[in-house]
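For reference, the chains in residue letters:
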Amino acid sequence: MDYKKAGVDIEAGYRSVELMKEYVKETTRAEVLGGLGGFSGAFSLSAIKNMEKPALVSGTDGVGTKLKLAFLMDKHDTVGIDCVAMCVNDIACAGGEPLFFLDYIACGKNYPEKIAEIVKGVAKGCKMAGAALIGGETAEHPGLMPEEEYDLAGFAVGLVDEKDLITGENIRPGDVLVGIASSGVHSNGFSLIRQVFEMTRESLETYYEELNMTLGEALIAPTQIYVRALKSVKDASITMKGCSHITGGGFYENIPRMLPEGARAFIEKGSYPIPAIFNLLQKKGGIDDQVMYNTYNMGLGMVIALAPSDVEGAVKAIEAAGERAYVVGRVNAGEKGVTIC
């Protein structure tokens, strides 16, 4: 009896590392110290010398049950982008610059080529965010997980000068809300999606005219990464008073998180285009509006609060970064919360 016969293939682990090295290398930054394969990742913080009050900001998250689609479609090169996005978007939402990222993959059986595909996506997400992939872990769990399945989570660290933190404390009635378009469902609400649509290869390969693609293609589209867009606004010397990453809990949970007491957000439904996947999901599932806006991003992955005089400049900066931005609402005096109107 040996470890391999017990279900853990150490040699496969070595091969996974070798296959992923080329992708990891593409994410390196000047601050990265050492290479892949050590017991820890090292990152220089020399940049803090240029800040008045440097602060670290961090984020951790996973992809959740969206992974079920990856298993069914045998497509593993985009869920890594989702994992990175869920972490770095939270950092950017606080005004931080993501510095580095670490991933954790737990699998029933280590298939090196599959693991490399997952990490390929992680590396792509890191490049999009400007973060270095400095380490990670692939853990083989025979007997605990089915051989063909895995879980994926990540952790990111960013840096911000304390004076540049986006806290929402200065949001006032009269401020304007600008939304940045999402790429679709992102990585939330898939437990409900699996109740609406049959999760089979046949179902996922069904082409829908209104989507202009198959159901699977629409659902597995990776989460948008907003780091560059928010940095573009900051570089334009525009103050973002508040910022909300629209993830699990949709509008009703996430937008109030950026609001001070006495401020209420009003979002106008017709102010931006809602992606067809949400209309299809709502129609097929017979889901009412309140549930949709309490579960999904409904086409807006980020919502930022701005002084009216900054709106035009912010929209231009966001669009210059390659994203679509819309004036979607306003802040009024009232009970802290959000009204969809």
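The structure displayed is predicted, hence computed values, not measured ones.

Note on placement: S187 falls in the loop between β7 (176-181) and α5 (190-196). At 3.1 Å, the side chain of S187 forms a polar contact with the side chain of D82. Separated by 2.9 Å, the side chains of S187 and T223 make a polar contact. Sequence-distant contacts of S187, defined by excluding residues within four places in its chain, comprise V63, K66, D82, M86 and T223.

This part covers the nonpolar core. One finds F101 and Y150 to be the most contacted residues of the largest nonpolar core, which totals 54 residues. Among the elements that line this core, the one with the most residues is helix α3 (residues 79-93), at 10 residues. Y150 has contacts with L67, A70, F71, H76, V79, I105, A106, C107, K114, I118 and M145, leaving out every residue within four places of it along the chain. I193, I220, Y272 and V331 belong to the second largest nonpolar core, which has 42 residues in total.

Turning our eyes to something else, we now look at the sheet that holds strand β11 (residues 263-267). Strand order across the open sheet formed by 6 strands is β10-β12-β7-β13-β11-β14, with mixed pairing between neighbours. If you trace the sheet from one side to the other, it starts and ends with β10 (242-245) and β14 (337-340), each paired once. Neighbour to neighbour, the strand axes of the sheet diverge by 25° on average, direction disregarded. α3 rests against β10 and β12 (300-306) of the sheet, and its axis sits at about 170° to β10.

To continue, consider the pairing of strand β5 (residues 132-140). Remark: a regular strand shows side chains that alternate across the two faces of the sheet. As judged from the 8 bridges shared by strand β4 (residues 97-107) and β5, these two strands associate in the parallel manner. Following the sheet pairing, F100 is matched in β5 by A132. Handedness of the β4-helix α4 (residues 112-129)-β5 crossover: right-handed.

Further remarks concern the state of the cysteines. Applying the stated criterion to the full structure yields 0 disulfides. Among the cysteines around C107, which has no disulfide bond, C83 carries the closest sulfur, lying 15 Å off. Its relative accessible area of 1% is what places C107 among the buried residues. In this structure C126 is not part of a disulfide, and its nearest cysteine sulfur, from C83, lies 8.9 Å away.

Before going further, it helps to examine the packing of aromatic side chains. Throughout the structure, instances matching the rule amount to 5 aromatic pairs. On the numbers, 5.2 Å between centres and 45° between planes, the contact of F43 with F100 is tilted. With F43 in strand β2 (residues 42-43) and F100 in strand β4, this residue pair connects regions lying 57 residues apart in the sequence. F100 matches F43 in its accessibility class, with the two residues each being buried. With centroids separated by 5.0 Å and ring planes inclined at 80°, the aromatic side chains of F71 and Y150 adopt a geometry described as edge-to-face. Placement of the pair is F71 in helix α2 (residues 67-73) and Y150 in strand β6 (residues 150-161), with a sequence separation of 79 residues. Stacked on the ring of Y111, the Lys or Arg K109 has its end atom at 5.8 Å from the ring centre.

Let us look at the sheet that holds β6. Within a sheet, adjacent strands bond to each other through the backbone by hydrogen bonds, running parallel or antiparallel. An order of β3-β6-β4-β5 is seen for the 4 strands of this open sheet, with the pairing classed as mixed. Since the sheet does not close on itself, it has two edges, and those belong to β3 (54-62) and β5, each with one partner. Taken over all neighbouring pairs, the strand axes of this sheet differ in orientation by 15° on average, direction set aside. Taken strand by strand, α3 contacts β3, β4 and β6, and its axis lies near 30° from that of β6.

Cut-off values and rules
- The residue numbering used here restarts from 1 in each chain and proceeds along that chain's sequence as written.
- Residue-level local features of this predicted model are given only where pLDDT is at least 70; pairs of side-chain atoms are given and counted only at 80 or more, and the full residue set underlies all totals for whole chains, interfaces and linings.
- Side-chain metrics rest on all non-hydrogen atoms present in the structure, leaving aside hydrogens and water.
- Comment: elements are numbered from the N terminus, with helices defined as DSSP H or I runs of at least four residues and strands as E runs of at least two.
- Side-chain atoms alone can form a polar contact between residues adjacent in sequence; in general such a contact is a pair of N or O atoms within 3.5 Å, and within protein one must be able to donate a hydrogen while the other accepts it.
- Residues count as neighbours in contact if any of their non-hydrogen atoms are within 4.5 Å of one another.
- Buried Ala, Val, Leu, Ile, Met, Phe, Trp, Tyr and Cys residues form a nonpolar core when they are joined through side-chain atoms within 4.5 Å.
- The rule is simple: take the accessible area with a 1.4 Å probe, protein chains only, and divide by the maximum for that residue type; under 20% is buried, over 50% is exposed, in between is partly exposed.
- Think of it this way: DSSP has to see at least two bridges between two strands before they count as a pair.
- Note on method: axes are straight lines fitted to C-alpha atoms, helices fitted across the in-contact stretch only, with angles between N-to-C directions ranging 0 to 180 degrees.
- We call a crossover right-handed when, viewed with both strands directed away from the observer, the connection leading from the first strand over the helix to the second proceeds clockwise.
- Two cysteine sulfur atoms form a disulfide, by the criterion used here, when they sit within 2.5 Å.
- Here a pair means two rings of Phe, Tyr or Trp (six-membered ring of Trp) with centres within 6.5 Å. Their orientation is stacked below 30 degrees between planes, edge-to-face above 60, and tilted elsewhere.
- Throughout this description, the term charge over a ring refers to an Arg CZ or Lys NZ atom that lies within 6 Å of the ring centre and within 35 degrees of the ring normal.

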